[in-house]
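Breakdown of the fold
The chain contents come next:
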Amino acid sequence: MSAGVGTERIMASQLSVVASIGLVVLVVALVLAQNVWATTDTSTDLQALTKRTTEGVRRYLKRHESIVLSLTALGTALLFVLYGVAYQFELVPSVSAREAGLWTVASVTAGALTTMLATRVSATLVLKLVSPVAEGARRSFDLALRSAIRGGFGCSALGTAVALIGYTMVFAAAHAYASPKTDRELLMMVWLTVGYPLGAAFVALQGQVGGGLLSIAAKTARPTRELDDEPASSEPAAALEPLPQLVSAVVESCRRVSATAAAVSLELCAMMLLAGATYRESDDWPSASALVLFPMVLRSSGLLAALFGVWVVRGDDTETPTAALARGMFVTVILCLVASLGAAKWLIGDRWLVFGACVLFGSVAALACGGGALYYTDRRFRSVRLIAEAARRGGASTVIRGMAVALEGSCVLVLVVAVCGAGAYQLGASTGLSHGGLLGLLLALLGMTCSAPYVFAMDGMGAILDVSGVLSEATLGAQRPDVRARARLLHAVGTSAHAQAAALLTVTVTGAVLLLLASCLAIAAEFGPPTTTALLASGAAAVGAVLGALVILAFVGLLFGRLLGASHVVAMDEATTAAASATPVAEVEVASRTALRGMLAPVGVALLMPICCAVALRIATSGDRVGSSAEALVALIGAATSVGALASLLFTFSGSAWNNAKRHIESGVQGRSDQQATYAAAMVGETIGDAAKHAVGPSLQAAVMTMAALATATLPFFL
């Protein structure tokens, strides 16, 4: 099969559509955000506190970026040496080992730099938006909600569009360089771009671990003042300033943008590789480029649909915020379905209706993720109220009930997603195409990721609401009970929105990684006779699976050790000295140093343990059939992904539920007879939940993405 003029024309049109939509939506999102801060006059006290927060964030990001750049340079240099020395198979025709190494290094660098750029711009965006949102909370809940969701969409569009445009540009450059002559060369050319998700995921991993540690270190440095307490007049004003919490909340919004960018690039790479594997074994598709670039077109359509979804989020103080947000979600999903059917009709051909139905399964799964996360983490529903009721019986009951709720929510969510995935697989397999079932799963995953920009916009909204809520309470909350009540409600909305985004991100990343591993197995099959049965019977694969679970356990254990270990005891002593000197900036410095020092060990474990295990398996299987070590690597990453995804869901649900249970108790609906004891028990759950949902859960997502991208980039060494 040759790549003719028609294929080139289709590819050019698709790339143009993807880049144009991404750029237009990004510009519109930034204009919406600019309108928020340009049309709102903020008070002097808010401006002053925001200015000090900006300085703290700038200092932290400067240190963090220097570490990220150093580690990225070291990693890319090692990859280049490996490609030049140990590269065994030329996966991309007409591209030598040295050229493949250069392209891998270039794509890793591009992924890292674009993700860092998105992170830096998002920090500026959030810092400009938190004061207007806090000012809006003084006037109306609806004003604060609309401002926050539009600002959150700016952050979401930034992460999604930067990854989409960046990956598109890398793919276009690789196509121009390799100049594929046949469809097979075109399909294999995607392997030149696998470094882009690796660079983005590497930045996201360091951002999630460092940001999570900063969040806990900030609370260690300055324990959160109870909302009902009046500030002591004898304390210096600077000592009461919640600057560490503000800085950590802004950094958390930045790391969510980096995680979004990494997830988008990884999903695009996995979908394009699997689509290519499907095309190679089925000759009756319209064109190779149409099938391979279909995920890009659908992802850009989802970004455009999310823009309309955000636009319809309007309400009033009599409507629950979740109802307004759900309206936007339904609009986004409906528009995504229409766009999916149109893109399938344009690109897939006669089977567009069948595969369009697969997208419908994915949309249902996305709604289930959002609804399930809302039910198990929002204080209006039974699950959170059970935790609040359990707090009457002490901290142990609170923790046990929270874990039970998280386990139930995780099981229900996994079951619903599995049913939707099975339906999409059977529908795809009914076409009779080779890998038709996997293609159905791919399209179902696309159906989920289409609505992801809107869900990530809610996540960004949650981060902005968290920061603006702290600002409101620090400046006017003590004098205005209505402002304090709105701040609490905004925080609860942000917590539930974060849980929904984390659940969807975990499910979509897990699906993308599994599809990526299926593509790796398809490539490994071309260099030997491995089959699924052989994989299951392979001793190396069994060892790899055990080692994969061990990597996750070691990562979580080390992360919890850094969260609660000796470094935080030292940080508390240093922070106490800083607070006594009335220098909140010094507290930020202490928290930043603690977080960045503790970040290195978990990141090293997530990167080095899988590679060391894979190298050991490669040496042990050197005398076996070709591809057995690649199967062991796939089994290692597959087990790590399964264990990590379930643990991430568990930590996210439990942390969010504990947090909102405390907010429910603060509202006073349970009466005041035993309020103090109940509140103390709820604080036990929230203390554990902060570490779970702010640090461990997001870090596990980033670790899974990084390990999968690293395994894909180094696959040729294990064939």
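Fair warning: this is a prediction, and the values are worked out from it, not measured in the lab.

Here we come to the overall build of the protein chain. On a plain count of helices and strands, the protein chain comes out with 22 helices and zero strands. Counting the 719 residues in the protein chain, one finds 62% classified as buried. Look at the contacts in the protein chain between residues 6 or more apart in sequence, and 86% of them connect residues 24 or more apart. In the structure as shown, the protein chain presents an accessible area of about 24,300 Å², 67% of it carried by carbon and sulfur atoms.

Evaluated as defined, the whole model comprises five aromatic pairs. Relative to Y376, the ring of Y375 lies with its centre 4.9 Å away and its plane at 90°, an arrangement referred to as edge-to-face. According to the relative accessible area criterion, Y376 is buried, its value standing at 6%. Ring centres of Y376 and F653 lie 6.5 Å apart, and the angle between their planes is 25°; this geometry places the pair in the stacked category. Within this pair, whereas Y376 is found in helix 11 (residues 352-377), its partner F653 is found in helix 21 (residues 628-666), the two being separated by 277 residues in sequence. Among the residues examined, F653 registers a relative accessible area of 1% and is labelled buried.

A surface patch of nonpolar side chains, amounting to about 250 Å² of accessible area, comprises L23, V27 and V31. Structurally, V27 can be placed in helix 1 (residues 5-38). A relative accessible area of 45% places V27 in the partly exposed class.

Right, let's talk about the nonpolar core for a bit. Within the largest apolar cluster, 197 residues are counted, with the highest numbers of intra-cluster contacts made by F153, M461, F555 and I637. Core analysis: the next-biggest nonpolar cluster, separate from the first, contains 13 residues, Y376, I387, A391 and A681 among them.

So, about the pattern of salt bridges. Inspection of the entire model under this criterion finds six salt bridges. The closest approach of N and O atoms between E65 and R120, which form a salt bridge, is 2.9 Å. Here the residue E65 occupies a position in helix 2 (residues 44-85), and R120 occupies one in helix 3 (residues 97-139), the gap between them amounting to 55 residues. Its relative accessible area of 18% is what places E65 among the buried residues.

On to the packing of helix 9 (residues 294-311) against helix 14 (residues 436-450), then. For the pair helix 9 and helix 14, interaxial distance at closest approach is 9 Å and the crossing angle is 25°. Taken together, the axes of helix 9 and helix 14 lie roughly parallel to each other. Both helix 9 and helix 14 take part in a crossing whose hand is right-handed. Within the contact between the two elements, helix 9 uses F294, P295, L298, R299 and G302 and helix 14 uses L443, L446, T449 and C450. When its residues are assigned to classes, the contact of helix 9 with helix 14 shows six nonpolar, two polar and one charged.

For helix 9, which comprises 18 residues, the first-to-last C-alpha distance of 26 Å matches the rise-based estimate of 26 Å (1.5 Å per residue) to within 8%. For helix 9, a buried count of 15 out of 18 residues is recorded, marking the element as mostly surrounded by other parts of the structure.

Right, let's talk about the environment of R255 for a bit. As for its position among the elements, R255 is in helix 7 (residues 243-280). By relative accessible area, R255 is classed as buried at 3%. In this structure the C-alpha to C-alpha distance between R255 and G210, which are 45 residues apart in sequence, comes to 9.0 Å. Setting aside residues up to four positions removed in sequence, R255 forms contacts with G207, Q208, G211, G212, H694 and P698.

Glancing now at the confidence of the model for the protein chain. Should pLDDT be low for a region, the predicted coordinates there are not to be read in detail. The pLDDT averaged across the protein chain works out to 75; a share of 75% of its residues lies at or above 70. The weakest mean pLDDT in the protein chain belongs to helix 17 (residues 532-537) at 45; the strongest belongs to helix 13 (residues 395-429) at 86. Every residue in residues 530-537 is under pLDDT 50, and counting partners more than four places away or in other chains gives ten contacts. Confidence over residues 578-582 falls short of pLDDT 50; this stretch has eight contacts with residues more than four positions distant or in other chains.

With respect to the helices and strands, T53 occurs in helix 2. Overall, T53 belongs to the buried group, its relative accessible area being 3%. Non-local contacts of T53, meaning those with residues more than four positions away in its chain, are made with L127, L243, L246, V247 and V250.

Okay, the side chain of S699 next. Mapped onto the secondary structure, S699 falls in helix 22 (residues 675-713). Discounting chain neighbours no more than four positions away, the residues touching S699 are L205, Q208, V209, F555 and L559.

The rules behind the values
Residues numbered from 1 in each chain as written. Predicted model: local features only at pLDDT ≥ 70, side-chain atom pairs only at ≥ 80, totals over all residues. Heavy atoms only, no water. Helix = DSSP H or I, 4+ residues; strand = E, 2+ residues; numbered from the N terminus. Buried < 20%, exposed > 50% of the residue type's maximum accessible area, 1.4 Å probe, protein only. Contact = heavy atoms within 4.5 Å. Areas by Shrake-Rupley, 256 points an atom, 1.4 Å probe, with all protein chains shown as cover. Phe/Tyr/Trp six-rings, centres within 6.5 Å; stacked < 30°, edge-to-face > 60°. Patch = residues over 30% accessible without salt bridge, like charges linked within 9 Å, V, L, I, M, F, W, Y side chains within 5 Å. Salt bridge = Lys/Arg side-chain N within 4 Å of Asp/Glu carboxyl O. Core = buried A, V, L, I, M, F, W, Y, C linked by side-chain atoms within 4.5 Å. Axes fitted to C-alpha atoms, helices over the stretch in contact; angles between N-to-C directions. Parallel < 35°, antiparallel > 145°, perpendicular 65-115°, else oblique. Left-handed = near helix turned anticlockwise from the far one by under 90°. Nonpolar A, V, L, I, M, F, W, Y, C, P; charged D, E, K, R; others polar. Expected span 1.5 Å × (residues − 1). pLDDT = per-residue confidence, 0-100.

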